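# Inside the fold
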Amino acid sequence: MKRKDWTAVLALALTLALLAGCGGKQLAAPQPDPASAPAEAPARSEAADQSAPEPDQSAPPENPEPDDPAPVPEPEPEPEPEPAPQPQLEEDPVTEPEVDLEPAPAPEQTPESESEPSCEDGAYTAAVTLEGGTGRAAVESPAALRCESGQFYATIIWSSSNFDYMKVNGEKYELLSDEGNSSFEIPVAAFDRKLDVIADTVAMSEPHEVEYTLYFDSTTLQKQ
């Protein structure tokens, strides 16, 4: 017989012997196979898990989280680095200009457009213009002039008889005549510029001094 046939016969005989023994007495519990021990451990673990009571879902967790978490402190800002000092540049010394302490000579002042025509003693005439006041008064032009020791004097004849005196440079000059229009002889300080004079009038309720200017034109000066 072949080896396979012998193995089958032995297995059958062993099976019959085991069945015969089971009829008289309880078969002894088979010894656990050491190789099968690790496989049984998970089975017992599953049974233990089934018999263990389920945890109470209403029980609070072991480590409950606080309602209000503690505030996390903000990190302190790092101090800004101080700027490095700039090197100071040496400035060139400022030299102040020398000041001349001696005052400059003042320019010579010349009279403004004054013309003092030379004259010989005698009678002359020249055009004269009056300005100022209310504009209603006037004087005769050309006016009669006379020259004495290099000084001109003019006879001013007004268009009214209401003037009783005149003032030139603060000096008062009276009427030449009480008849006709008011007339006065006054010095001529210069030609070709306005000369300030004052004439007092009595035409108002009371005497009143009025300021005027007289302008003598040197180009019209003629000797009589």
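Structure report, in brief. (Residues numbered from 1 in each chain as written. Predicted model: local features only at pLDDT ≥ 70, side-chain atom pairs only at ≥ 80, totals over all residues. Heavy atoms only, no water.)

### So, the overall build of the chain
Along the backbone of the chain there are two helices and 10 strands. Listed by position from the N terminus, the elements making up the chain come as α-α-β-β-β-β-β-β-β-β-β-β. In the form shown here, the chain has an accessible surface area of approximately 18900 Å², with 53% of it arising from carbon and sulfur atoms. (Helix = DSSP H or I, 4+ residues; strand = E, 2+ residues; numbered from the N terminus. Areas by Shrake-Rupley, 256 points an atom, 1.4 Å probe, with all protein chains shown as cover.)

### What to know about the sheet that holds strand S8 (residues 194-201)
What the five strands build is an open sheet, ordered S2-S9-S8-S5-S6; its pairing is antiparallel. In this open sheet, the two strands that pair with only one neighbour each are strand S2 (128-132) and strand S6 (171-174). The average angle at which neighbouring strand axes cross in this sheet is 35°, direction not considered. (Pairing = 2+ DSSP bridges. Axes fitted to C-alpha atoms, helices over the stretch in contact; angles between N-to-C directions.)

### Notes on the nonpolar core
Among the nonpolar cores identified, the biggest contains 28 residues, and Leu145, Trp158, Ile186, Leu214 and Phe216 are the most heavily contacted of them. Contributing elements (two or more residues each) for this core: strand S1 (122-126), S2, strand S3 (143-148), strand S4 (151-157), strand S5 (163-168), strand S7 (183-187), S8 and strand S9 (208-216). Looking at which element gives the most residues to this core, the answer is S9, with four residues. Among all residues touching Phe216, those that are not within four sequence positions of it are Ala127, Val128, Ala154, Ile156, Val188, Ala190, Phe191, Asp192 and Leu195. (Core = buried A, V, L, I, M, F, W, Y, C linked by side-chain atoms within 4.5 Å. Buried < 20%, exposed > 50% of the residue type's maximum accessible area, 1.4 Å probe, protein only. Contact = heavy atoms within 4.5 Å.)

### A short note on the sheet that holds strand S10 (residues 222-223)
Spatially, S7-S4-S3-S1-S10 is the arrangement adopted by the five strands of the open sheet, whose pairing is antiparallel. Whereas interior strands pair on both sides, the edge strands pair on one side only; in this sheet they are S7 and S10. Across five bridges, the pairing between S3 and S4 is antiparallel. Across the sheet, Leu145 pairs through a bridge with Ala154, a residue of S4.

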